[in-house]
Amino acid sequence: MSVTRGEESAVKRRGRRPAGADTRSALVSAARAVFAEQGYDGATVRSIATRAGVDAAMVNHWFGGKEGLFAEAILDLPIKPNDILALLNAGPVDELGPRIVRTFLTVWDDTGGEHFAALVRSVTGHEAAAHVLRDFFLKHVFISLANTVTEDRPDLRANLVASQLVGMGVARYVIKFEPLAHTPIPELVAAVGPTLQRYLTGEL
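Every chain is numbered independently, its residues counted from 1 as its sequence is written. The predicted nature of this model means local features are confined to residues of pLDDT at least 70 and side-chain atom pairs, given and counted, to a pLDDT of 80 or more, with totals for whole chains, interfaces and linings taken over all residues. In computing side-chain values, all of the structure's heavy atoms are included and hydrogens and water are not.

Peer 1: Is there a simple way to explain helix α3 (residues 45-52) in this structure?
Peer 2: Note: α-helices contain 3.6 residues per turn, so residues at a spacing of three or four share the same orientation. Residue burial is assigned from relative accessible area. The probe radius is 1.4 Å, only protein chains are included, and a residue is buried under 20% of its type maximum, exposed over 50%, and partly exposed in between. Each helix is a run of H or I in the DSSP string that is no shorter than four residues. Each strand is a run of E no shorter than two, and both are numbered from the N terminus. Along α3, the residues that are buried comprise I48, A49 and A52. Buried residues along α3 cover an arc of 95 degrees about the axis, so they all sit on one side. Along α3, exposed side chains directed more than 90 degrees from the buried face belong to R46 and T50. G53 sits one or two positions beyond α3 and adopts a positive phi of about 75 degrees. As used here, the arc belongs to the directions running from the helix axis to the C-beta atoms.

Following this line, the structure appears as structure tokens:
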């Protein structure tokens, strides 16, 4: 069976990247472009893989799915989003607020706070990054979490939790208010955890 020049080109485009090509880097670059154009929800694994010129299965292979790719391409998180949710869901509901604070501070303290500071600066300077961050963190982390513990205004509760964490992160890692910047994690968990618990399960 003969193959026309156009068909041959199409086959080549659908095939694997040339040997030695950095598939992981290609996916990260493509993901940044697609997320900026379409937002987190609008972007699909297939569209990102097509932009990168690789098989869609490579997204799962390298990043464990769209969430992991987003975390590396846009957020540069030191921990995978699914791991964050697993940590937050591992324990009693009535201890969720303190657990959120402890997880948040532990993750960012382990990197010296630079990751969080870079994230805040990228969001304030680029509306596209802010858009996908809202989609990702609010809908796929905090709103998802709030929906598991209450039916009473979970969206508002998730927003309140997120605002508390972002404010604390800015004060600790970006502006570096003292003594907050160097207060031990257990003290902040005890001080802030009950507030987040009320946001999630208490009366508003």
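And the narrative resumes.
Peer 1: Any chance you could explain the pattern of salt bridges here in plain terms?
Peer 2: Think of it this way: side chains of opposite charge can pair up when their charged atoms draw near. Salt-bridge detection follows one rule: a side-chain nitrogen of Lys or Arg within 4 Å of a carboxyl oxygen of Asp or Glu. Applying the stated criterion to the full structure yields four salt bridges. A salt bridge links R153 to D152, with the nearest nitrogen and oxygen atoms 3.2 Å apart. D152 gets classed as partly exposed once you look at its relative accessible area, which sits at 32%. Ionic pairing is found between R157 and D152, a salt bridge with its closest N-O pair at 2.7 Å.

Peer 1: It is not clear to me how the packing of helix α2 (residues 23-42) against α3 should be interpreted in this structure. Could you clarify?
Peer 2: Remark: α2 packs on α3, axes separated minimally by 8 Å, with the N-to-C direction vectors making an angle of 125 degrees. Our classification of the angle between α2 and α3 gives oblique. Judged by the twist between their axes, the crossing of α2 over α3 is right-handed. The segment α2 lies against α3, with A26, L27, A30, A31, A33, V34, F35, E37 and Q38 engaging S47, I48, A49, R51 and A52. Classes in brief: Ala, Val, Leu, Ile, Met, Phe, Trp, Tyr, Cys and Pro nonpolar; Asp, Glu, Lys and Arg charged; the others, Gly included, polar. Partitioned by chemical class, the residues of the contact of α2 with α3 number 10 nonpolar, two polar and two charged. Between N-to-C directions, angles span 0 to 180 degrees; the directions come from axes that are lines fitted to C-alpha atoms, helices contributing only their stretch in contact. Note that the term roughly parallel is reserved for angles under 35 degrees, roughly antiparallel for angles over 145, roughly perpendicular for angles of 65 to 115, and oblique for everything else. Put simply, a crossing is left-handed when the front helix is turned counterclockwise from the back one by less than a right angle, and right-handed when it is turned clockwise. Contacts are assigned to residue pairs that have any heavy atoms within 4.5 Å of one another.

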